[in-house]
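Structural description and commentary
Chain by chain, the residues run as shown.
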Amino acid sequence: MNTKARSPHVRSKLFQAIACGLIVAAAPVAMAQTEVIASTTSDASCAAASNARERFDCHVRKLGEFKLVAQDGSLLNTAPPTQVALSGYTETAVIGDADSWKSDEFAQDWGLEAMNAHHAYARGLSGAGVRVGILDSGVSLGHSEFAGRDHRGLHIGETLADGSRCAADVVAPAGESACFGTDGGRAMFDYTYLDPELEEFIAEEYPLYLPYMGKAIGGWESHGTHVAGTIAGNRDGSGMHGVAFNASFDSARLSADSYLFLNFACLLEGVCQQGGAEMTASAFTDMYGQMQAGQVRAINHSWGFAQDATDAAGQDFRFNHPLLADRWQAIRAGSIDTGMIQVWAAGNTLSRNRTPETAPIAGTYASLPRHFAELEPYWLSVVNVTRTGNADSPYILSTSSKRCGLSMNWCIAAPGTAITSGVHADTGLVALDITQAADGSATLDLENYTPNFGYADYTGTSMAAPHVTGALALLFERYPYLTNAQVRDVLLTTATDLGEAGVDDVYGWGMVNLQKAIEGYGQFRVDTEVDMVSAAGGTH
């Protein structure tokens with residue numbers, strides 16, 4: 001979750017609709033087809049595993065074996081990872097020299113140095129060969145930060161009565177005909193459609209809006225694009241770069257387009273055709289299935305309840321609410337089936353914290369292992385820290401961040417304040433043609449739309465979580481012989497302690513420290529069996 005401005009209250013329905021279009025935040029527009037690719041490094045022996053999670057772990061180990069063979073039989077992988085050559089860019093940093101990786105591009109995200117990511121890069125790690133997932137507002141795959149990579153926008157949808165899935169980005173009016181379907185390769189668009197029947201009224205009262213009659217006006221949501229840039233933005237000599245700049249991701253969109261059809265009935269009588277569709281449990285299942293098939297190892301969730309619980313009883317009410325039961329089971333299966341790590345933003349506060357200790361507790365999603373204890377090995381809750389300027393105590397919980405609270409045992413801190421990343425940079429109104437079907441459903445016509453992209457600073461636990469997801473990608477590359485849950489424990493047990501000594505309810509395990517994490521476990525929390533079937537990634 002990130003902190004951003006909200007629409008001001010205005011009196012006129014027409015002006016309110018137009019104002020929303022003017023201030024809505026921006027994000028992506030590039031379209032991408034869903035493509036599920038089987039692992040080319042899998043072996044038939046993996047099919048003999050007793051369940052999906054064991055098969056997935058088998059595939060991961062086979063990937064490690066493949067990497068070893070690719071090194072011409074060498075027992076030590078001493079070469080840096082194969083990196084995609086981006087046009088016009090030559091890497092000048094060198095293996096073995098951490099400071100050489102601190103380029104101007106690196107410096108755009110202060111979180112990289114705060115987590116000691118440059119030490120991982122100096123050991124040849126970049127996330128190469130690792131795929132992670134993002135569930136957010138959609139990623140603008142047309143942004144230059146994602147050029148030349150194998151990133152994928154998933155088409156997900158809820159299951160309909162006839163067994164089919166709702167199509168991506170067909171917006172139906174709220175009610176029985178509404179269904180949820182999205183394309184993760186483009187962002188959510190908040191729009192208002194100006195019915196041509198208003199033309200005479202518009203000409204008299206708001207003549208500047210005459211060119212927008214019969215069009216959808218509004219803006220793109222940049223949240224998901226910003227998150228994705230922090231995880232895996234290109235290291236290409238321009239802009240910024242992600243924590244795991246050579247990793248790939250699958251993007252799924254949590255939010256369908258939201259809309260208002262503005263006509264006389266809406267303007268004068270308040271009878272408005274408006275809405276969107278919420279992600280259903282079957283759409284969650286669809287998303288997890290596609291990500292599991294693509295061998296996604298961790299998924300980033302920078303979202304949560306808008307009005308969340310403030311104590312254990314409030315969380316328990318949500319955990320046990322019958323309307324949420326199918327959703328909880330779908331999210332639970334996302335990890336239990338394959339061991340996928342789920343990284344959750346702890347949540348933001350509605351007012352400034354007086355002290356870190358008085359901040360509200362982490363949200364319900366971040367605390368789900370309280371309800372399903374078996375999820376704990378696959379869960380991460382992330383709080384947002386900011387810089388203090390004090391060398392003796394350099395980081396403190398942001399005044400807008402929730403604390404770890406009841407999620408402290410699987411919680412970690414990461415940079416999330418004033419984080420620079422990619423966004424959709426269109427200013428003012430975006431006007432798109434719209435096609436409306438007889439049943440009232442509508443689709444935006446994107447063929448002739450050319451997006452503009454740029455960069456912006458966002459603050460929130462939404463920005464802290466992708467730093468952790470990117471760090472996991474580097475460690476997945478480092479430890480091909482560890483399970484996902486074991487890599488998560490490496491991340492937790494090597495964190496730099498913050499606040500009270502040991503694991504505490506403000507910072508959990510403390511601040512991500514990749515310099516230490518690439519050297520192995522800080523401690524063993526549980527009985528641990530490691531089958532070292534391949535060499536560690538990077539240099540030794």
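Presented here is an overview of the structure given in this document. Fair warning: this is a prediction, and the values are worked out from it, not measured in the lab.

With that settled, consider a negative patch on the surface. There is a patch of like negative charges on the surface, built from Glu 199, Glu 200, Glu 204 and Glu 205. Given a relative accessible area of 68%, Glu 200 falls into the exposed group.

The next point concerns the state of the cysteines. In this structure the tally under the stated criterion is three disulfides. There is a disulfide in this structure between Cys 266 and Cys 272, and the S-S distance comes to 2.0 Å. Residues Cys 266 and Cys 272 are joined through a disulfide that is right-handed, its torsion about the S-S bond being 85°. Note on Cys 266: relative accessible area 1%, which makes it buried.

Among the nonpolar cores identified, the biggest contains 111 residues, and Phe 284 and Met 287 are the most heavily contacted of them. Ranked by the residues each element gives to this core, the list is headed by helix α12 (residues 461–478), at 10 residues. Listed in part, the 16 residues of the second largest apolar core include Val 171, Phe 189, Trp 220 and Ala 442.

Turning next to the packing of α12 against helix α13 (residues 484–493). When two helices pack together, their arrangement is given by the angle between the helix axes and by the axis-to-axis distance. The N-to-C vectors of α12 and α13 enclose an angle of 115°; their axes lie 10 Å apart at closest approach. α12 and α13 meet at a crossing whose hand is right-handed. Of the residues in α13, those in contact with Val 468, Ala 471, Leu 472, Leu 475 and Phe 476 of α12 are Asn 484, Val 487, Arg 488, Val 490 and Leu 491. Of the residues that constitute the contact of α12 with α13, the class distribution is eight nonpolar, one polar and one charged.

Strand order in the open sheet made by the six strands is β9-β8-β5-β6-β16-β17, with mixed pairing throughout. Each edge of the sheet is formed by a strand with only one pairing partner; in this case those strands are β9 (273–275) and β17 (442–445). Neighbour-to-neighbour, the strand axes of the sheet open up by a mean angle of 25°, direction not taken into account. With three bridges joining them, strand β8 (residues 258–262) and β9 adopt antiparallel strand pairing. Its bridge partner being in β9, Leu 260 is matched across the sheet by Gln 274.

Applying the stated criterion across every chain, the model contains 25 aromatic pairs. Considering the side-chain rings of Trp 110 and Tyr 395, the 6.4 Å spacing of their centres and the 20° angle between planes classify their relative orientation as stacked. Residue Trp 110 is found in helix α4 (residues 110–114), and its partner Tyr 395 is found in strand β13 (residues 395–397); the two are separated by 285 residues along the sequence. Tyr 395 carries the same exposure label as Trp 110, and that label is buried.

Burial of strand β7 (residues 248–253) is extensive: six of the six residues sit out of reach of the surface. Residues Ser 248, Asp 250 and Ala 252 line one face of β7 and the alternating positions Phe 249, Ser 251 and Arg 253 line the opposite face, and both faces are buried. As paired strands, strand β1 (residues 131–136) and β7 are joined by six bridges and run parallel to one another. Counted as the bridge partner of Leu 135 is Ala 252 from β7.

Conventions used here
Residues numbered from 1 in each chain as written. Predicted model: local features only at pLDDT ≥ 70, side-chain atom pairs only at ≥ 80, totals over all residues. Heavy atoms only, no water. Patch = residues over 30% accessible without salt bridge, like charges linked within 9 Å, V, L, I, M, F, W, Y side chains within 5 Å. Areas by Shrake-Rupley, 256 points an atom, 1.4 Å probe, with all protein chains shown as cover. Salt bridge = Lys/Arg side-chain N within 4 Å of Asp/Glu carboxyl O. Lys, Arg positive; Asp, Glu negative; His and termini not counted. Charge placed at Lys NZ, Arg CZ, Asp CG, Glu CD. Buried < 20%, exposed > 50% of the residue type's maximum accessible area, 1.4 Å probe, protein only. Disulfide = S-S within 2.5 Å. Core = buried A, V, L, I, M, F, W, Y, C linked by side-chain atoms within 4.5 Å. Helix = DSSP H or I, 4+ residues; strand = E, 2+ residues; numbered from the N terminus. Axes fitted to C-alpha atoms, helices over the stretch in contact; angles between N-to-C directions. Left-handed = near helix turned anticlockwise from the far one by under 90°. Contact = heavy atoms within 4.5 Å. Nonpolar A, V, L, I, M, F, W, Y, C, P; charged D, E, K, R; others polar. Pairing = 2+ DSSP bridges. Phe/Tyr/Trp six-rings, centres within 6.5 Å; stacked < 30°, edge-to-face > 60°.

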